[in-house]
Each structure stands twice: as C-alpha cells, then as structure tokens.
Amino acid sequence: MSTATTSSPANRAVVPATTSSRATRVLGWLTLAGFAVLVALAFAWVPEDTRITEQGDVVGQFDAVRLMFVHVPSAILAYTGFGLTFLASLAYLRWRTDWWDIMAHSSAEIGVVFGVLTLVTGSIWGRPTWQTWWEWGDVRLVTALVLVLVFIGYLAVRRIPADAAVKARRSAVIALVGAVNIVIVNRSVDWWENRTLHQESTLLARKIRDETLFTLSFSFAVGMALFAWLLLHRFRTAYLESQIEELEVQEALAERRAEADWADHERGQP
Amino acid sequence: MTDTPTDEAVDPGEPMDLSPRPGRPARRGIRRWVPVLVVALVAVVIGIVLWRVLADATLVFREVDDAVERREELGDDRFRMMGSPVSGSRQEVTLEDGRPAVAFSVTLDGVVADVVHIGGLSDQFQTGVPVVIDGHWVRSRQFARAADDGWYFASDRMLIKHDNDYRVDNQDRIDDAEERGQYE
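Computed from a prediction, not measured in an experiment: that's the story for all the values here.

Conventions and cut-offs
Residues numbered from 1 in each chain as written. Chains lettered and ligands numbered in written order. Predicted model: local features only at pLDDT ≥ 70, side-chain atom pairs only at ≥ 80, totals over all residues. Heavy atoms only, no water. Buried < 20%, exposed > 50% of the residue type's maximum accessible area, 1.4 Å probe, protein only. Helix = DSSP H or I, 4+ residues; strand = E, 2+ residues; numbered from the N terminus. Pairing = 2+ DSSP bridges.

A. Just the pairing of strand β4 (residues 100-108) of chain B, in detail. All names here are of chain B. Counting buried positions over the nine residues of β4 gives seven, a clear majority of the element. Pairing between strand β2 (residues 79-85) and β4: two bridges, direction antiparallel. When the bridges of β4 are listed, S84 appears paired with T107. Where strand β3 (residues 91-94) meets β4, four bridges bridge the pair, whose relative direction is antiparallel. Residue pairing across strands places V93 opposite A101, the latter belonging to β4. Counting the residues that bridge the hairpin from β3 to β4 gives five residues, and of these G98 lies at a positive phi of roughly 90 degrees. With seven bridges connecting them, β4 and strand β5 (residues 111-117) associate as antiparallel partners. Considered in β5, the bridge of L108 is made with V111. Here β4 folds back onto β5 in antiparallel fashion, the turn holding two residues, of which D109 has a positive phi close to 50 degrees.

So this is what it looks like as structure tokens:
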C-alpha cells in the first residue's frame, strides 16, 4: 500500500494514500473472473427448471430459475453483512476500540447494498413465478424490507453529529436490536408458512439438481469474494476518514497552542 | 495553517480570547438535520409497513381441507385458499353475466374443491404447483368439476406458491415432451 505524509507540524502521521493493495487487486480480478464463469455456468450449463408430473404435465419455473444465482447469494451476503455488524457492535461495546466501530459501520453499508439487491431481484423473480411484484403482508417480504430499513436507519443515525464515542455506542445498540430481525427473516418461511408465498429452504431439504447446486455454491463463493473486496476497501476508507478527522483535531489544537505561545512571547513570558 | 499568527489574529496588549470559535464546515457538507430526517422517515416507513401487515387480515392462506371444513362458518367472507390444481380439471366457462372464466379443481391432503376464476391464468398455473386464490364460497352446482359437492370458490386473483423442489425427475420424459412441442 502506498503512503502519504501529512504536512501538519503537530502530528506528522503517515497514512495510506489508497485503499488498494496487491491482495485486494488480486481479489478484485478473481472476483471479476468468477463473475464471468458464473454467467457462463448459469446460462449455458444449468438447464431450465422443468419436471414432469405423474399425469405427464411438464411443470417448473423454466428460465426464471436462473435468478436464483443472484437472489440467493445476495440474501446470504446481506445476512453476513448485518451479522458482522452485530458481532462488531458487540465487540465494540466490550472493548470500545475504533477498529470494531469501523468494522460495524463498513459491514452495515455492504449489508444494505446486498439487502436492497435481494429485495429487487426477489421482486423481479416474483413477477413471473408468483404473479406479483410485491405482496404487503407476506411475512418474508415485509420482514426482509424492515431489516433493510432498520440498517438504513442505523447508517442515518451514524450521520447525526455527536461525539464519536456517543455515536459509536448509540449505533452499536441499534445494530444489536436490529440484528434480531435476521433470525426472524430467515425463519419466517417455517414459522408462518401460511403467510408467505416464499418457498422453504431448498438446500436444507436437498431438493436440487447437481448442476444447479454446483452453480449456486459457486455463486456463493463469488459473492463472498465480492463481499470481502468491498469490505476491505470500505473498511480502509472509513479508517482513513477517521484518521483525517483525528488529524483535523490535532491541527486545530496545534493552531491554538501556536497562538498561545505567540501571545506569551509578545508578553515576554517564557 | 500558519506557524506564526499575524498581528491581526492576536493582540499582545489584550487578554487572549478563549471563547469557542465557529466550527469548521463539515467536510462533505451534510447538514445536521438530514440524518435526523432520514431516521424519522425510516421510522415512519417501518411503522406504515407493520401497520399494513397487521391490518391485512386476508393474507392468511387457508388450505383446501381447512377451507372446505369451515365452509358454512366462512359463508361469503373473502379469504385466500391454497391448493394444487387437479390435472385435467381445467375448463373454459362463461359466467351468467357473459364474462369468460376458467373452472378447475384444487386439492390438498385428499380434499378437493371446485374453483371458478375470473382472469387469465399464467404459465405457472401447473398441476401440482400450489396456487393461492383470493375469493369466497358460492353455493352452486353450475360449474361442477372434480369435487362436484354443490359449492365452488369464486376467485378473481391468483398467486402461485412455488415449492422448493428443483430436482429433475424423468429427464427422458421431459425430452420427449419437448420434442412433442408440449413446451418450448
């Protein structure tokens, strides 16, 4: 990672000038290559979803099933982001270090991105499969929406000006409360099966053909690589922001001290 | 930043002014009230969402066996019923007012009910794939299908509740069906 030196006379700190590193560049290229392979697998290798019933009717989701390779990993990564925020917030409240606060903030932002992607791709998948873009009252859809909204609120709370420690503590508590909804969203299809159009877990029930399972697993791997790449960059950006804020404080203090020293000098005091 | 303040900044003859100075402008120009507004909006939206969920009592799906068992009790109340279409039961019909409709039967756990649905059927209307139909019971034998029990469920909205099965069975029969042009 390249570095730059600040010009502050009071605090000549060395901070990185970029969030990139050799590792993140390799990870980024691997993720891109993984996406290319995933698209090829999803459209060229995985057959459309068709089954034939005992009565001879051909049924299935046909080509719409390919949305699975975006929707399902997005949902898993949203859970991962919010879950990481939960753990980092817990760690912050225990150890009170900036590292955990920055980690909670960064993973929440990425969780929201994947959460919104989950809602959008779910809606697009729902139109041909369920015959509806959205159903108010469907517990799976609504609890997922509420989960994303809670973490959008979490990010907004972090923007409210306040002392850094107060802001971190306040947002950590919100994350702990909001993360409870992760369990509710995930289990809603089992707890309220008569209040949702959403199917139950396919993977747990092992009702999936080999090609689809392989491609879905591959999409998880590519998604995780993307998540790690985004998290590394976002964490480093947030860390640099915190360093800049710290430098500004140091700079302001140095200005005040210089003014006080000058005033003492003019009065002939040591 | 300057290392030596100018005379305008500090007057040696006067006591130093230690009163707080105006804060520096925010680096990204985010006003204080914007995040507060976002938090308030999020809270309002969550409230509306929960209110809509709690208010919409028709969203509970009654399964066919439950809906048939409680038919007298339900009367002409509107509700949602879930069941799987019975193979070969579908028939185009015309209502008394001249509107076209589709009559078919749905089943679950061995209980069958006849349905008359106003509106088109999607490609996902398939045997064995559960549908959620929105409507009410009507006592009539006019559109009797597989159940033929003197009632039909008059529906005007249909959703599909797809299951979690993505396995393939009878690939050879699927290939045959494709060759016959049963689906593309």
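From this point, the narrative continues.
B. Examining the pairing of strand β3 (residues 49-52) of chain A more closely. All names here are of chain A. With burial as the criterion, each face of β3 is covered, one bearing D49 and R51 and the other bearing T50 and I52. Pairing of β3 with strand β4 (residues 58-62), which is carried by three bridges, proceeds in the antiparallel orientation. If you follow R51 over to β4, its bridge partner there is V59. Between the end of β3 and the start of β4, which pair antiparallel, lie five residues, with G56 showing a positive phi angle near 90 degrees.

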